[in-house]
Amino acid sequence: QVQLVESGGGLVQPGGSLRLSCAASGSIFSINAMGWYRQAPGKQRELVAAITSGVSTNYADSVKGRFTISRDNAKNTVSLQMNSLKPEDTAVYYCNARVRGYYTRENDYWGQGTQVTVSS
């Protein structure tokens, strides 16, 4: 079994910054892609940013130039630095990891979600 634990959400004013972190633990042989998704009330979950094990990155157009994703392969962690936050960034943010276990094929795992609220 694999667990993803997120931290770092909260309330911030427009223009402010937050850093989200996610740590994967459990029966992990390797982690392919890791990423962050978000879901605002009444909307579908959407990809915010993703990073492969080779540190190739992909961002939603709405966050390009403001958010930066990074990962530490040795620690099985992924982080999302969010700058110049806007009210429309308000959502629950979920960590995702595509993990291969020692005895299992690749599966997608999700964190419990962390609330990010951008408001004055």
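Below is a short write-up of the structure. (Residues numbered from 1 in each chain as written. Predicted model: local features only at pLDDT ≥ 70, side-chain atom pairs only at ≥ 80, totals over all residues. Heavy atoms only, no water.)

## Some details on the nonpolar core
So, point 1. Ranked by size, the top nonpolar core spans 32 residues in total, and within it Trp36, Leu80, Met82 and Tyr93 carry the most contacts.
So, point 2. Elements that contribute at least two residues to this core include exactly strand 1 (2-7), strand 3 (18-26), strand 4 (30-39), strand 5 (46-51), strand 7 (67-72), strand 8 (77-82), strand 9 (91-100) and strand 11 (114-118).
So, point 3. Here the element with the most residues in this core is strand 9; it accounts for five residues.
So, point 4. Contact partners of Leu80, with chain neighbours within four places excluded, come to Leu18, Arg19, Leu20, Trp36, Val48, Ala49, Phe67, Thr68, Ile69 and Tyr93. (Core = buried A, V, L, I, M, F, W, Y, C linked by side-chain atoms within 4.5 Å. Buried < 20%, exposed > 50% of the residue type's maximum accessible area, 1.4 Å probe, protein only. Helix = DSSP H or I, 4+ residues; strand = E, 2+ residues; numbered from the N terminus. Contact = heavy atoms within 4.5 Å.)

## Details of the state of the cysteines
So, point 1. In this structure the tally under the stated criterion is one disulfide.
So, point 2. Paired by a disulfide, Cys22 and Cys95 hold their sulfur atoms 2.1 Å apart. Judged by the torsion about the S-S bond (-80°), the Cys22/Cys95 disulfide is left-handed. You can see Cys22 sitting in strand 3 and its partner Cys95 sitting in strand 9, a full 73 residues away along the chain. Both residues of the pair, Cys22 and Cys95, count as buried. (Disulfide = S-S within 2.5 Å.)

## Description of the sheet that holds strand 8
So, point 1. Sheet architecture is open: four strands sit in the order 1-3-8-7, paired in antiparallel fashion. Across the chains shown, the open sheet's two edge strands, defined by having one partner strand only, are strand 1 and strand 7. Averaged over all neighbouring strand pairs, the angle between strand axes comes to 15°, with direction disregarded.
So, point 2. Bridge analysis of strand 7 against strand 8 gives six bridges, and the strand direction is antiparallel. Counted as the bridge partner of Thr68 is Gln81 from strand 8. (Pairing = 2+ DSSP bridges. Axes fitted to C-alpha atoms, helices over the stretch in contact; angles between N-to-C directions.)

## Notes on the pattern of salt bridges
So, point 1. Using the criterion set out here, one finds five salt bridges in the structure.
So, point 2. Lys64 is the salt-bridge partner of Asp61, the closest N and O atoms lying 3.1 Å from each other.
So, point 3. For Asp61, a relative accessible area of 64% corresponds to the exposed category.
So, point 4. A cluster of three or more residues bridged by salt bridges with shared partners is formed by Arg38, Glu46, Arg66 and Asp89. (Salt bridge = Lys/Arg side-chain N within 4 Å of Asp/Glu carboxyl O.)

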